[in-house]
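# A look at the structure
Listed here are the chains, written in short residue letters.
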Amino acid sequence: MHMTRVFPAPRLLQAPNGWHQHVNPSRHLVQQNIVNITVNNLTIPFPILCHSTQDAHSSGIFSGDSPFSHSFSLLMFNLIFITSITRIVRILLKPLRQPLIISQIIGGVIVGPSFLGRCRWFQHHMSNASSTFLVNNLGVMGFMFFLFTYGVKMDPGLLRKSGKLHVSTALIGITIPTFTVFAVSLCLRKNMDKELAKIPSLGVISGYLGVTAFPVLYHILKEFNLLNSDVGRVSLATALIGDTFGLIFIMAFEAASQGEVKIMNTVWYVISLAVVVSFLVFCVRPAMAWINDNTPEGHPVHESFVLAIILGSFVMGFITDMFGIAIANGSLFLGLTIPNGPRVGATIVEKTTTITNELLLPFSFLLVGSQTDFYAMSASDWTRLSPLFVMVITGYFTKFFSVWITLYFWRVPFRDGLTLSLIMSLRGQIELLLFVHWMDKSILNVPGFTLLVLMTIIVTAIFTPLISILYDPSKPYMVNQRRDIQHNPPDEELRIVLCILDTENINGLIHLLDISNPTSSNPFSIYVVRLTELIGRANPLFLDNEKQQVPPMYQWTNTINILKTHQQLKGTFMKLHFFTSVAPKQSMFRDICELALEQETSLIILPFDSVDVRNHAVKTVNSQVLNNAPCSVAIFVDKGLFQMSNTGSSFRRTRHRFGLLFLGGGDAREALVFADRMVANEDVFLTVIRFLSHNFIGYNELEKKLDDGTVTWFWVKNETNQRVAYREVVVRNGEETIAAIQAMNDGAFDLLIVGRKQGINPVILTGLSEWSESDELGIIGDYVSSEDFFGSASVLVVQQQILRG
């Protein structure tokens, strides 16, 4: 079915920004006529164009109907096409350390008039007025939901906790570039287009060049696993302050632009803004807090609340657009009223992230690409374009150097200051949204828009790889001093970092500490860190519970009380210090390693659940800690044997039978020294089994001597100890090693201790590597902790500190 729409010819042929749109007569025009209209005896010829439109859906290719003639089919094809191109560009640019945003912008530009859009076949088959209308509106919706999601993740409360470094860097990094660019723009006004030369227009562009958007930094820092690094924390805190001042600054200029026509417009703009903000703060915010407080921990938020909140983002977009505040600001304001973190914040982010990133944002980049035209930019008068170019270059340079000089004043290390300056200069989605908004307001024309998009690509594409090259967040953990159990002086306290991911299974870790035998001459100082995955918020947290207030949703008071009760039982033998870490699972290891480095600990104890296959976060954290730790690491596989009926009372004297599998190497020696500490406890019985290769084949001579020395020291020390048994087993390959382990295992062991993998004679493990599923446990550790291994013995896998300095 075909319909015919009649439009006045000028309306169809020219867009509001003055740039002519291409109209394909073969597809869109049925006919062009002149209609004579008589008014007051005056006849005026009025040209009209008859515009043919098709149904949204195709009747099928077998009916001779092309799907590319219908708006909905074209809409789906555009989504598939832009997603495919973006993924291909992403694959090509990833070796160059380019962020995803670069691939997304380039994908949109490729589809736009700069490349494929210039092809006549593409123009004829891949676009029509209806599909373009839908793409543009979905693109705006994508930006709107993008801001809504990041509004939910942002924590305005952190503004009160900002330090002088963050505040000064943010203020100087905004004011100097903004006022410098504004001063330069005033000198160049005579060569600018009329709309761009207006004071409010110059103000908003100067403000954009001074502000670094928080969502842009979060997106890139998360992609490069830098969120909870030192520079990541500083840059996010600084950007949050900068966004606050930048939003106020830009909205002030928006109010000024409203008053260009009539001064009362500015008054009504300010009143409308005050009403919207007041409604959100005094009505919506308490409602969101009530929903959050009445959602039980571990339970999902009621679907009706989720639906109401998501629909509310549309309502706020409509209201702010109606008042001229800008459609995306409404969703951002609503997002800021939603409590971040677990429960409501996490649920909203989970529900909207995939839809936003995979379905709506591709249309946003199609919208950006459709208005990016390099041919129009090259054909434009450079004298009109050069003022904008000079403003942008001035803004980028002054932004970079003002931040760098400020950080130098605060004595930030040179490389860290340089990295932070590069991070604060990054550009992304928020800037693209501003460009689209300025096009809508006729502040920019197509050449100016294209120039800003091009500069965004260049700056972000150059600075992001430089950040990866300059900054290595794991470098501080590379120490060349011995920090392990073997070299810890016997008359000094042993410092341990104890990591907790699941507060419900704390008993096994407590019992492990107890049997490790802290004494008055060798007490334990334990730094307990509760690890929580960062969901529903953007800023990571690392808090000292004794010095800082932990947000209610991250408190673990019951577990702390259990540990403090046990500390009272041990008296002066054990000191506990509590910390809370909220970070992405990919970078959670940094908080652990940072704590171990600062406290000069000798051991990190990590949990491992071999049964819960869902707990991928645990395996991720363990692997990264093993690769970066500045001290020794022990992974504890708790099979429930150490569960206690009453953690608040004294431990009942129970005999424990431990086994140590000594396969040689640094990890095995560290495990043996740790077991020697345990056997000092009178309730521990220890069996040490040393595996040797037949005829001593495959040994590293130095490792063999070190093994012999440690074993001799241990046996001489415990030769008269009736609770210690030692024997040696000679094997030819991995199969005989497994057989020997099975032969010694009678199912009565409470704990098996094994070195992970450093320095093990490969002959002993021949043929076993393909059977290992958990590399973080090592081959033998993985085997004895598996469900197929007979018995219920818990497993402790030890890795000695790896010197990396």
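Rules used in this analysis
Residues numbered from 1 in each chain as written. Predicted model: local features only at pLDDT ≥ 70, side-chain atom pairs only at ≥ 80, totals over all residues. Heavy atoms only, no water. Helix = DSSP H or I, 4+ residues; strand = E, 2+ residues; numbered from the N terminus. Buried < 20%, exposed > 50% of the residue type's maximum accessible area, 1.4 Å probe, protein only. Contact = heavy atoms within 4.5 Å. Areas by Shrake-Rupley, 256 points an atom, 1.4 Å probe, with all protein chains shown as cover. Patch = residues over 30% accessible without salt bridge, like charges linked within 9 Å, V, L, I, M, F, W, Y side chains within 5 Å. Salt bridge = Lys/Arg side-chain N within 4 Å of Asp/Glu carboxyl O. Phe/Tyr/Trp six-rings, centres within 6.5 Å; stacked < 30°, edge-to-face > 60°. Lys NZ or Arg CZ within 6 Å of the ring centre and 35° of its normal. Polar contact = N/O pair within 3.5 Å; in protein donor to acceptor, adjacent residues only side chain to side chain. Axes fitted to C-alpha atoms, helices over the stretch in contact; angles between N-to-C directions. Parallel < 35°, antiparallel > 145°, perpendicular 65-115°, else oblique. Left-handed = near helix turned anticlockwise from the far one by under 90°. Nonpolar A, V, L, I, M, F, W, Y, C, P; charged D, E, K, R; others polar. Expected span 1.5 Å × (residues − 1). Lys, Arg positive; Asp, Glu negative; His and termini not counted. pLDDT = per-residue confidence, 0-100. Disulfide = S-S within 2.5 Å. Pairing = 2+ DSSP bridges. Right-handed = clockwise from strand over helix to strand, strands pointing away. Core = buried A, V, L, I, M, F, W, Y, C linked by side-chain atoms within 4.5 Å.

A count of helices and strands for the protein gives 27 helices and 14 strands. Here the protein holds 805 residues, and the buried ones make up 54% of them. Considering only contacts in the protein between residues 6 or more positions apart, those separated by 24 or more positions represent 80%. Carbon and sulfur atoms provide 60% of the accessible area of the protein, an area that totals close to 36600 Å².

Taken together, the side chains of I263, M264, V267, W268, I271 and V275 present a nonpolar region at the surface, about 570 Å² in accessible area. Along the polypeptide, V267 turns up in helix α11 (residues 263-293).

Here we take up the packing of aromatic side chains. The final tally for this structure, using the stated rule, is 26 aromatic pairs. Look at F435 and F449: their rings are 6.3 Å apart centre to centre, the planes differ by 80°, and that puts the pair in the edge-to-face class. Pair noted here: F435 is in helix α18 (residues 429-440) and F449 is in helix α19 (residues 446-470), with a separation of 14 residues, a long-range link. Given the relative accessible area of 0%, F435 is considered buried. Taken together through their ring pairs, the aromatic side chains of F397, F400, F401, W404, F414 and F463 make up a single cluster. The ring of Y375 carries R118 above its face, with NZ or CZ at 4.0 Å from the centroid. Taking the ring centre of Y699 as reference, the NZ or CZ of K704 above it sits at 5.8 Å.

In this section: the side chain of N445. When you line up the elements, N445 lands in the loop between α18 and α19. A polar contact of 2.8 Å, which involves the side chain of N445, links it to the side chain of D193. A distance of 3.0 Å separates a polar side-chain atom of N445 from the backbone nitrogen of G448.

At a closest axis distance of 8 Å, the pairing of helix α3 (residues 71-93) and helix α4 (residues 100-111) adopts a crossing angle of 130°. In terms of axis orientation, α3 runs oblique to α4. Of the two possible hands of crossing, α3 and α4 adopt the one that is right-handed. When α3 is examined against α4, the residues F81, I82, I85, T86, V89, R90 and L93 are found in contact with a partner set consisting of L100, I102, S103, Q104, I106, G107, G108, I110 and V111.

This paragraph deals with the pattern of salt bridges. Under the counting rule described, the total for this entry stands at 19 salt bridges. In this structure, E195 engages K198 in a salt bridge whose closest nitrogen and oxygen atoms are separated by 3.2 Å. Taking relative accessible area as the criterion, E195 reaches 28% and is therefore assigned partly exposed. Taking the relative accessible area as the measure of exposure, K198 reaches 25% and is therefore partly exposed. Between K757 and D775 there is a salt bridge; the shortest N-O distance is 3.7 Å. Taken together, the positions of K757 in the loop between β13 (751-755) and α27 (778-785) and D775 in the loop between β13 and α27 put the pair 18 residues apart, joining distant regions of the chain. Among the charged side chains, a salt-bridge network with shared partners connects R669, E703 and D707.

The next thing to look at is the environment of P300. Tracing the backbone through its elements, the reader meets P300 in the loop between α11 and α12 (303-322). When the C-alpha positions of P300 and P342 are compared, they lie 9.8 Å apart, and in sequence the two are 42 residues distant.

Right, let's talk about the packing of helix α10 (residues 230-258) against helix α17 (residues 414-423) for a bit. Interaxial distance between α10 and α17 falls to 10 Å at its minimum, and their mutual angle equals 45°. Relative to α17, the element α10 is oriented oblique. The hand of the α10/α17 crossing is right-handed. Residue-level inspection shows V231, V234 and S235 of α10 in contact with α17, the latter providing D416, T419, L420 and I423. When its residues are assigned to classes, the contact of α10 with α17 shows four nonpolar, two polar and one charged.

Turning to helix α24 (residues 666-679), a few remarks are in order. Taking 1.5 Å per residue as the helical rise, α24 with its 14 residues ought to reach 20 Å, and the 20 Å between its terminal C-alpha atoms agrees with that figure. Of all 14 residues in α24, 14 are buried; the element is thus mostly enclosed.

Once that is clear, we can look at the side chain of R427. Here R427 is to be found in the loop between α17 and α18. No salt bridge is formed by the buried R427; the nearest opposite charge belongs to E431, separated by 4.1 Å. The residues contacting R427, other than those within four sequence positions of it, are Y208, L209, V211, T212, V216, Y396, T456 and T460.

Here we come to the confidence of the model for the protein. In low-pLDDT segments, the atomic positions of the prediction should not be examined closely. Residues at a pLDDT of 70 or more form 90% of the protein, whose mean pLDDT is 86. Scored below 50 in pLDDT, residues 1-30 makes 66 contacts in the model with residues more than four places away or belonging to other chains. Low pLDDT (under 50) marks residues 644-651, which in the prediction has 16 contacts with non-local residues, meaning those over four places away or in another chain.

Take unusual backbone geometry next. Note: most peptide bonds trans; most residues except glycine with negative phi. The phi angle at E600 is positive, at roughly 55°, despite the residue not being glycine. Along the chain, E600 turns up in the loop between α22 (588-598) and β8 (603-608). One non-glycine residue, N695, lies in positive phi territory at about 60°. You can see N695 is positioned in the loop between β11 (684-693) and α25 (701-718). Looking at N695, the relative accessible area reads 59%, which means it is exposed.

Now for the state of the cysteines. On inspection of all chains with the given rule, the structure shows zero disulfides. Here C499 stays unpaired: no disulfide links it, and the sulfur of C593, its closest cysteine neighbor, is 8.9 Å away. Not engaged in a disulfide, the cysteine C631 finds its nearest cysteine sulfur in C593; these two sulfurs lie 7.8 Å apart.

Moving on to the sheet that holds β11. Spatial strand order, β6-β7-β5-β4-β8-β9-β14-β13-β10-β11-β12: 11 strands in an open sheet with mixed pairing. Looking at the sheet topology across the chains shown, the edges are occupied by β6 (541-544) and β12 (724-731). Between one strand axis and the next, the sheet turns through 20° on average, direction left out of account. Alignment of strand β5 (residues 524-533) against strand β7 (residues 574-583), held across 10 bridges, turns out to be parallel.

Bringing the pairing of strand β4 (residues 494-500) into the picture now. For β4, a buried count of six out of seven residues is recorded, marking the element as mostly surrounded by other parts of the structure. Inspection of the sheet shows β4 paired to β5 by seven bridges, in the parallel sense. Across the sheet, residue L498 finds its bridge partner in β5, namely V528. Running through helix α20 (residues 507-515), the crossover from β4 to the neighbouring parallel element β5 is right-handed. Here β4 runs beside β8; their pairing, made up of three bridges, is parallel. When the bridges of β8 are listed, V497 appears paired with I604.

To continue, consider the nonpolar core. One finds I205, Y208, L432 and W438 to be the most contacted residues of the largest nonpolar core, which totals 99 residues. Per element, the largest residue contribution to this core is 11 residues, and it comes from α19.

Another aspect to go through is α27. Within α27, seven of the eight residues are buried, which leaves it mostly tucked inside the rest of the structure. For α27, every residue scored as buried is listed here: G778, I780, G781, D782, Y783, V784 and S785.

Before going further, it helps to examine the environment of R118. Within the secondary structure layout, R118 lies in the loop between α4 and α5 (120-126). Sequence separation between R118 and D373 is 255 residues, and the spatial gap between their C-alpha atoms is 9.6 Å. For R118, the residues in contact, after removing those within four places along its chain, are G112, P113, Q123, D373 and Y375.

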